[in-house]
Each structure stands twice: as C-alpha cells, then as structure tokens.
Amino acid sequence: MIKQAIIPLAGLGTRLLPLTSVFAKELLPINGKPGIEYILEECIDSGIKEIIFIISQKKKIIKKYFYNDQFYKKIIKKKKDNRIISEYKKILRYKKMIKFVYQNKPLGTGDAVLKTKKYIKNKYFLMLLPDDLIIKKNCSKSMIKIHKKFNSSVMASMTVKKESVSRWGIFKFKKHLDKQNSLIDDVIEKPSIKKAPSNKAVIGRYILPKKIFTVLSKQKPGKGGEIHITDAIQSLINNNENFIAHRFSGKYLDCGTMNGYIKSTLKISKL
Ligand code: G1P
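Residues numbered from 1 in each chain as written. Predicted model: local features only at pLDDT ≥ 70, side-chain atom pairs only at ≥ 80, totals over all residues. Heavy atoms only, no water.

**Student:** Talk me through the nonpolar core; I want residue IDs and the actual numbers.
**Tutor:** Ranked by internal contacts, the top residues of the largest apolar core, which has 58 residues, are Ile51, Phe53, Ile62 and Phe66. The residues contacting phenylalanine 53, other than those within four sequence positions of it, are Ile7, Leu9, Ile36, Leu40, Ile62, Phe66, Ile98, Lys99, Phe100 and Val101. Residues Met127, Phe171, Ile229 and Leu236 belong to the second largest nonpolar core, which totals 29 residues. (Core = buried A, V, L, I, M, F, W, Y, C linked by side-chain atoms within 4.5 Å. Buried < 20%, exposed > 50% of the residue type's maximum accessible area, 1.4 Å probe, protein only. Contact = heavy atoms within 4.5 Å.)

**Student:** Could you give an account of a nonpolar patch on the surface, with specific residues and numbers?
**Tutor:** On the surface, Leu19, Val22, Phe23, Ile61, Met258, Ile262 and Leu266 cluster together into a nonpolar patch covering about 590 Å² of accessible area. Top element by residues in the nonpolar patch is helix H9 (residues 258–269). It accounts for three residues. Residue placement: valine 22 occurs in the loop between strand S1 (4–8) and strand S2 (29–30). On the basis of relative accessibility, which here comes to 70%, the residue valine 22 falls in the exposed class. (Patch = residues over 30% accessible without salt bridge, like charges linked within 9 Å, V, L, I, M, F, W, Y side chains within 5 Å. Areas by Shrake-Rupley, 256 points an atom, 1.4 Å probe, with all protein chains shown as cover. Salt bridge = Lys/Arg side-chain N within 4 Å of Asp/Glu carboxyl O. Helix = DSSP H or I, 4+ residues; strand = E, 2+ residues; numbered from the N terminus.)

**Student:** Give a description of the pairing of S1 that names residues and reports values.
**Tutor:** Burial runs high along S1: five of the five residues are buried. With two bridges connecting them, S1 and strand S6 (residues 124–128) associate as parallel partners. The partner of alanine 5 across the bridge, within S6, is leucine 126. (Pairing = 2+ DSSP bridges.)

**Student:** Would you mind going over the site of the ligand in detail, with residue names and values included?
**Tutor:** The immediate surroundings of the ligand are formed by Arg15, Leu129, Asp132, Arg167, Trp168, Gly169, Glu189, Lys190, Val202, Gly204, Tyr206 and Thr230. At a separation of 2.9 Å, an oxygen atom of the ligand approaches a polar backbone atom of glycine 169. Contact distances for the ligand include 2.7 Å between an oxygen atom and a side-chain N or O atom of glutamate 189. For the ligand, whose unbound accessible area comes to 380 Å², protein coverage reaches 87%. The greatest single-element share of the shell around the ligand, amounting to three residues, is contributed by strand S11 (residues 200–209). Of the residues assigned to the shell around the ligand, the class counts are four nonpolar, three polar and five charged. (Near = heavy atom within 4 Å. Polar contact = N/O pair within 3.5 Å; in protein donor to acceptor, adjacent residues only side chain to side chain. Nonpolar A, V, L, I, M, F, W, Y, C, P; charged D, E, K, R; others polar.)

**Student:** Give me the pattern of salt bridges: which residues, what numbers.
**Tutor:** What the rule picks out here adds up to 18 salt bridges. Salt-bridge contacts for glutamate 50 lead to lysine 121; the nearest nitrogen and oxygen are separated by 3.9 Å. Of this pair, glutamate 50 sits in strand S4 (residues 50–55) while lysine 121 sits in the loop between helix H5 (109–114) and S6, and the two are 71 residues apart along the sequence. Overall, glutamate 50 belongs to the buried group, its relative accessible area being 14%. Of the charged contacts in the structure, one is a salt bridge between glutamate 189 and lysine 190, with a shortest N-O distance of 3.0 Å. Taking relative accessible area as the criterion, glutamate 189 reaches 13% and is therefore assigned buried. Judged by its relative accessible area of 31%, lysine 190 falls in the partly exposed class.

**Student:** Pulling in residues and values, what's your account of the packing of aromatic side chains?
**Tutor:** Under the criterion given, the structure shown has 10 aromatic pairs. A centroid spacing of 5.1 Å and a plane angle of 85 degrees characterise the contact between tyrosine 65 and phenylalanine 66, whose relative ring orientation is edge-to-face. Phenylalanine 66 sits in the buried class, given a relative accessible area of 1%. Positioned over the ring face of tyrosine 67 is lysine 63, at 5.3 Å from the centre of the ring. (Phe/Tyr/Trp six-rings, centres within 6.5 Å; stacked < 30°, edge-to-face > 60°. Lys NZ or Arg CZ within 6 Å of the ring centre and 35° of its normal.)

**Student:** Could you give an account of the side chain of threonine 116, naming the residues involved and the relevant values?
**Tutor:** With respect to the secondary-structure elements, threonine 116 resides in the loop between H5 and S6. Taking the relative accessible area as the measure of exposure, threonine 116 reaches 0% and is therefore buried. Contact partners of threonine 116, with chain neighbours within four places excluded, come to Ile6, Ile52, Ile54, Val101 and Phe213.

This is the structure we're talking about:
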C-alpha cells in the first residue's frame, strides 16, 4: 500500500534566480495557485495520507504558508469573507497531512530522500519532484495502480529531444510489459548525448522501495558532487530490484525554468 509521499523542496532553485534568492519557487502561483498545491492535490487524489516535505532553513517560508493560523484567525474575525474562510480550511486540511524534515545542505535528491528514512513506514513510498507538473491525468494514481499490478518500483517516463538528454535521468529498456510500461535495464543521471543509452527520460514521479535507504546511506557523491537518486536506483537494479518506466498519459509541464513556468501558466489557464 502506498500511503506516504515525500517531496524534496530544499533545492536552491538556481534556474529561477533572481526570484529564488528571496522566495521559494514552489509557492509561485501557476494560474493563481502555488505550484505546490497542484502537487498536493495529485497526492491526495491518489490516496496518499501523509506527505513529508523536505525543506531547508532558507525555505521556511513553505512551512509558514501552512502554519499561519494566527494571521487567518485575526482576519476572519474581522471580515467574514467566504473566500478567505474556505482558503484557510483548505490550508488546515493540508497542514494535518504534512510533516517537515530538514535538508540544510543541498547535497542532491538522494540525500533529501535519506532525510525521510525514519518516517517511512511501508515497503514502498511515493516521491514527487515539484518542478514537474503533470496535468489532465493523475500520474501518481496511475503509477500506484502499476505498482499494485506488478509489485515493483515505478518511475514516470517521457521521450525527450536527443539534444536535451543531459538535462535528465536517461534509461534503457530491458523488456516491454505492455503499451505504457517497460522494465528498466540501466539508468544514468544527465548523460552527454554521446553516453546517453536512449532519449527516454525519468520525470519526477517515483515509487521507491524502503530498501533504497540502505543504498543511499552508503552511496558516494556522483555527478557534480551530489547524491543522486538515479545512482541509488541503478544500484538497486544491479541487485535485481525491478524498476518499471511508466509512460504517463497526462501532459507534462516544466515549472523549473522561467520559460517553462510561464508556458505552464498559459497552458493551465486554457484548460
Ligand atoms: C531530477 C533527477 C533527474 C530527472 C529530473 C526530472 O533532476 O535527478 O534524473 O530526470 O529530476 O525532472 P533535477 O530536475 O533535479 O535537475
């Protein structure tokens, strides 16, 4: 059963500087709503009961967004505005589900995952990377179904332009299971075009096994001196853990760059 999700939020957001020098990119509005709320809705709609936010001291504003009760109470006392009341209720509902852990040094996604070790209860858990929005079809929900069917780890995948392989984790198939799902043979973090085994990329939704913590706690830093989740996944594959690449049917929106972020707002506003 997948009941817990983790969301790494401690990244520096360098692709969105200078905004991110003072603000958390995950709170930037996409068509009027903070990006992180789209991710929360995806989790809740797919049956997740507890969500672990990995933040840093520098990104405490994210915690404040959910813990600003005094502020709301004062305003609601003064003005009985229905919109504010329902927004506050929504925030309270989210707050009940969220736990915060800290990653104060940006040592990579794998290191962020490791910070959640003592909170993960079941054999598998979900991870969502907040730069990647997937709209129109709930990707996490589909992946949970695939996980149940094959009882294995799952990652979201998409075909990308050959010239852009060095932006992504890139993998090679071992075997096709059905139209949308294949077993992964190899996965490599941000390879050069020359070294890329394909142009199939990992997108930020993962169903990971709890045993990944053992791998991560022993893992040496990889590319750019960071602990990559992709390297831990490759170690697990080498140790016979099945990883399925799920070619999702929703629409992918890249909210990690200014250009992608603006396009995302336009796309969502037209839905
Ligand atoms: C991360 C992962 C990468 C994956 C990507 C999806 O990279 O390390 O393997 O393809 O997310 O968005 P990042 O976006 O943090 O650079």
